[in-house]
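# Results of the structural survey
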Amino acid sequence: MRNFTLLVLGLAFTACKLNVPSVYDVNFTSDPTVAPVAPGQIDEASGMVDSRSQPGNIWIEQDSGSPAELALLGYDGTVKGKISVPSIQNRDWEELSVGPGPKDGTNYLYIADIGDNNAQYETCQIYRIPEPANLQSPIAVSDIGRIDFRYPLGPRDAEAMFVDPQTKDIYIISKREEKVHLYGLAYPQSTNSLITAQDFGELPSFGGGLPNYVTGASISPDGREILLRTYTSMYYWKRDAGQSIADAMQYGTRRSLAIRLEPQGEAVCFDKDAKGFFTISEKANAPSVNLYYYAKK
């Protein structure tokens, strides 16, 4: 009887284990599709998202010193055009995310003006706009939501952000710290008053090279997969049903993904169907950059 009971318990435990998502359930190719981007078109890429309104294209922003505009880049590396974001400046745009917002059924682009190399700005901004239907649809000033926020313990440099599609909460990961922190702006984010971000605490050290120079992040359209990159590395999490972002990233298992070394690895995004992810770099000292796509195997 005792052996039978142990067998039943063992089978039950095995069944439970099978229901727990694992970072090893999914594999990505280490040999990406490569699309060269002509020099001078997108040399300072800092954030990217796969377009929902124009399939086969990616929205890309560039950082400080660049105009306040978004570029539309085809999967083939061809720049289709650019669209201005009026009445705001590009102090140091460092991340771009896509997700839900105040109007149900609308995809919003979130432009994160969160770069702060010298930790000197008391406030940062995230601009939320409905995704343009095409390059001929001007962005209306009235459609721009400005989210002003500050960190609880003073200025921080950051280049990574994403919007949780399950909750509409915004998450930011700091840079240039021995232990980077995860911050949150809970939905609904005010566009009329200054918000203080919630500090969820440290993320585990990533190890190797410049471990905490986090330069980009992305979350899958269903909110179950998370990517975070540094200049040289890529990390991947799986999120359990009902699990918070903080618990998934701080206590969940992550794994390192094999990616090509880029001149100055900056941006990453899942494709709109979560069948893989794109990366792109700043040009830095290289003659040009490539758009890489790592498909799931």
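Note that the coordinates shown come from a computational prediction; the quantities given were computed from them, not determined experimentally.

### A word on the pattern of salt bridges
Evaluated as defined, the whole model comprises 11 salt bridges. Between Asp148 and Arg146 there is a salt bridge, with its nearest N and O atoms 2.9 Å apart. Looking at Arg146, the relative accessible area reads 40%, which means it is partly exposed. Note that Lys296 is salt-bridged to Glu225, the shortest N-O span being 3.0 Å. Remark: Glu225 occurs in strand 16 (residues 225-230) and Lys296 occurs in the segment after strand 21 (289-295); sequence separation between them is 71 residues. Residue class for Lys296 comes out partly exposed when judged on its relative accessible area of 28%. Classification of Glu225 by relative accessible area gives buried; the value is 5%.

### Concerning the layout of surface pockets
Estimated volume of the largest pocket: approximately 250 Å³. Together, 24 residues line the largest pocket, and Arg52, Val98, Gly99, Ile219 and Pro221 are the ones closest to its centre. Going through the elements one at a time, strand 2 (45-50), strand 6 (95-99), strand 10 (158-163), strand 15 (214-219) and strand 19 (265-270) are the ones with two or more residues in the lining of the largest pocket. In terms of residues, the lining of the largest pocket owes the most to one element, strand 6, which gives 4 residues. Across the lining of the largest pocket, the residue classes break down as 15 nonpolar, 5 polar and 4 charged. By volume, the second largest pocket is sized at about 180 Å³. Lining the second largest pocket are 18 residues, and of these Ser64, Asp92, Glu94, Asn117 and Arg176 sit closest to its centre. Looking at the lining of the second largest pocket residue by residue, the class counts come to 2 nonpolar, 6 polar and 10 charged.

### Thoughts on the sheet that holds strand 12 (residues 181-185)
Spatial ordering of the open sheet is given by 10-11-12-14, a layout of 4 strands whose pairing is antiparallel. The open sheet has two edge strands, strand 10 and strand 14 (198-202), and neither has a second partner. Looking at each pair of strands side by side, their axes are set apart by 20 degrees on average, direction ignored. For strand 11 (residues 170-174) and strand 12, the ladder comprises 4 bridges, and the chain directions are antiparallel. Across the sheet, Ile173 pairs through a bridge with Leu182, a residue of strand 12.

### Comments concerning empty space enclosed by the protein
Counting across every chain of the model gives 1 cavity of 30 Å³ or more. Looking at the largest cavity, its volume works out to about 40 Å³. Mapped onto the lining of the largest cavity, the elements with two or more residues apiece are strand 3 (57-62) and strand 4 (69-74). Residues of the lining of the largest cavity, tallied by class, amount to 4 nonpolar, 2 polar and 3 charged.

What counts and how
Residues numbered from 1 in each chain as written. Predicted model: local features only at pLDDT ≥ 70, side-chain atom pairs only at ≥ 80, totals over all residues. Heavy atoms only, no water. Salt bridge = Lys/Arg side-chain N within 4 Å of Asp/Glu carboxyl O. Buried < 20%, exposed > 50% of the residue type's maximum accessible area, 1.4 Å probe, protein only. Helix = DSSP H or I, 4+ residues; strand = E, 2+ residues; numbered from the N terminus. 1 Å grid on protein atoms, 1.4 Å probe; cavity = no way out; pocket = protein on both sides within 12 Å on 5 of 7 lines; lining within 4 Å. Points joined across faces, edges and corners; volume = space filled by probe spheres on them. Nonpolar A, V, L, I, M, F, W, Y, C, P; charged D, E, K, R; others polar. Pairing = 2+ DSSP bridges. Axes fitted to C-alpha atoms, helices over the stretch in contact; angles between N-to-C directions.

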